Amino acid sequence: MTKNGLSFVEVMVVVALFLVLTVFAGPEMTRFSHTRKVNTLIRNTVTLLMDARLDAFKINSNTVVLFSNSEGKEDGDLNQITVFQDNGNGGGTAKDGVQQPNEKQTGFLSTDVLQGSSSTPARQSLLTFTTNFPDNRLIYRNRLGMFGGTIKVLWSGEEEGKVVINSLGRIRVEKSK
């Protein structure tokens, strides 16, 4: 008589091995995903800042990088970055740091994209920014320099890394862990 298939014991051994691997690999995969999201946010932030600096020089006008949260308030946990040319288009005042309706938006970044489309508030507030810029605005001035500062990237309120900008506009990334 010939045997076809697997015995019950062989199936149970495979299931047990799978469970053991899952127990040991699960936390590592979670940590990897967390690190990937933080690194992606830092990299995207640096790219957005470099593009804003280049815009200021290219168009010879102020370029503003505004940090805000989804509700439009500029305090608390910040999760959006908007970049716009502050040239006074639309009847507003040039170089005032406030986006007028016709001032061109040149960049945008939101942490919600990296965290998925969950509607739970706790999930949306995991990955956030804090800054030490006045009014959470960084202004690249046309060929004149700027004020330096830092942007901290937080995961559930704990600092994961920071982007440091000096008064010449040079950018340096520091990892916390």
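Residues numbered from 1 in each chain as written. Predicted model: local features only at pLDDT ≥ 70, side-chain atom pairs only at ≥ 80, totals over all residues. Heavy atoms only, no water.

Asks: I keep staring at the packing of aromatic side chains and nothing clicks. Help me out?
Replies: The relative placement of two aromatic rings is captured by the distance of their centres and the angle of their planes. Under the counting rule described, the total for this entry stands at 2 aromatic pairs. Ring geometry for Phe67 against Phe129: centres 6.0 Å apart, planes inclined by 70 degrees, an arrangement best described as edge-to-face. Taken together, the residues span a long stretch of sequence, with Phe67 in strand S1 (residues 62–68) and Phe129 in strand S4 (residues 127–131) at a distance of 62 residues. The class for Phe67 is buried, based on a relative accessible area of 0%. Classification of Phe129 by relative accessible area gives buried; the value is 0%. Taken together, a centroid distance of 6.2 Å and an interplanar angle of 10 degrees make the contact between Phe67 and Phe133 stacked. Of this pair, Phe67 sits in strand S1 while Phe133 is found in the loop between S4 and strand S5 (137–140), placing the two residues 66 residues apart along the sequence. Across this residue pair, the class does not change: Phe67 and Phe133 are buried. Through a chain of ring-to-ring contacts, the aromatic side chains of Phe67, Phe129 and Phe133 assemble into a single cluster. (Phe/Tyr/Trp six-rings, centres within 6.5 Å; stacked < 30°, edge-to-face > 60°. Helix = DSSP H or I, 4+ residues; strand = E, 2+ residues; numbered from the N terminus. Buried < 20%, exposed > 50% of the residue type's maximum accessible area, 1.4 Å probe, protein only.)

Asks: Help me understand the side chain of His34, please; the structure alone is not making it clear to me.
Replies: Checked against the element boundaries, His34 lands in helix H1 (residues 8–59). We classify His34 as buried; its relative accessible area is 18%.

Asks: What's the story with the pattern of salt bridges in this structure? I'm lost.
Replies: For side chains bearing opposite charge, pairing can occur when the charged atoms are close. Under the criterion given, the structure shown has 5 salt bridges. In this structure, Lys162 and Glu174 form a salt bridge, with 3.9 Å as the shortest nitrogen-oxygen distance. Of the two residues, Lys162 is situated in strand S7 (residues 158–165) and Glu174 in strand S8 (residues 171–175); the sequence distance between them amounts to 12 residues. A relative accessible area of 28% means that Glu174 is categorised as partly exposed. (Salt bridge = Lys/Arg side-chain N within 4 Å of Asp/Glu carboxyl O.)

Asks: Got a minute to help me understand the side chain of Thr111 in this structure?
Replies: Inspection of the secondary structure puts Thr111 in helix H2 (residues 111–114). By relative accessible area, which is 0% here, Thr111 ends up buried. Polar side-chain contacts of Thr111 include one of 3.0 Å to the backbone oxygen of Leu127. Among all residues touching Thr111, those that are not within four sequence positions of it are Leu41, Asn79, Leu127 and Phe129. (Polar contact = N/O pair within 3.5 Å; in protein donor to acceptor, adjacent residues only side chain to side chain. Contact = heavy atoms within 4.5 Å.)

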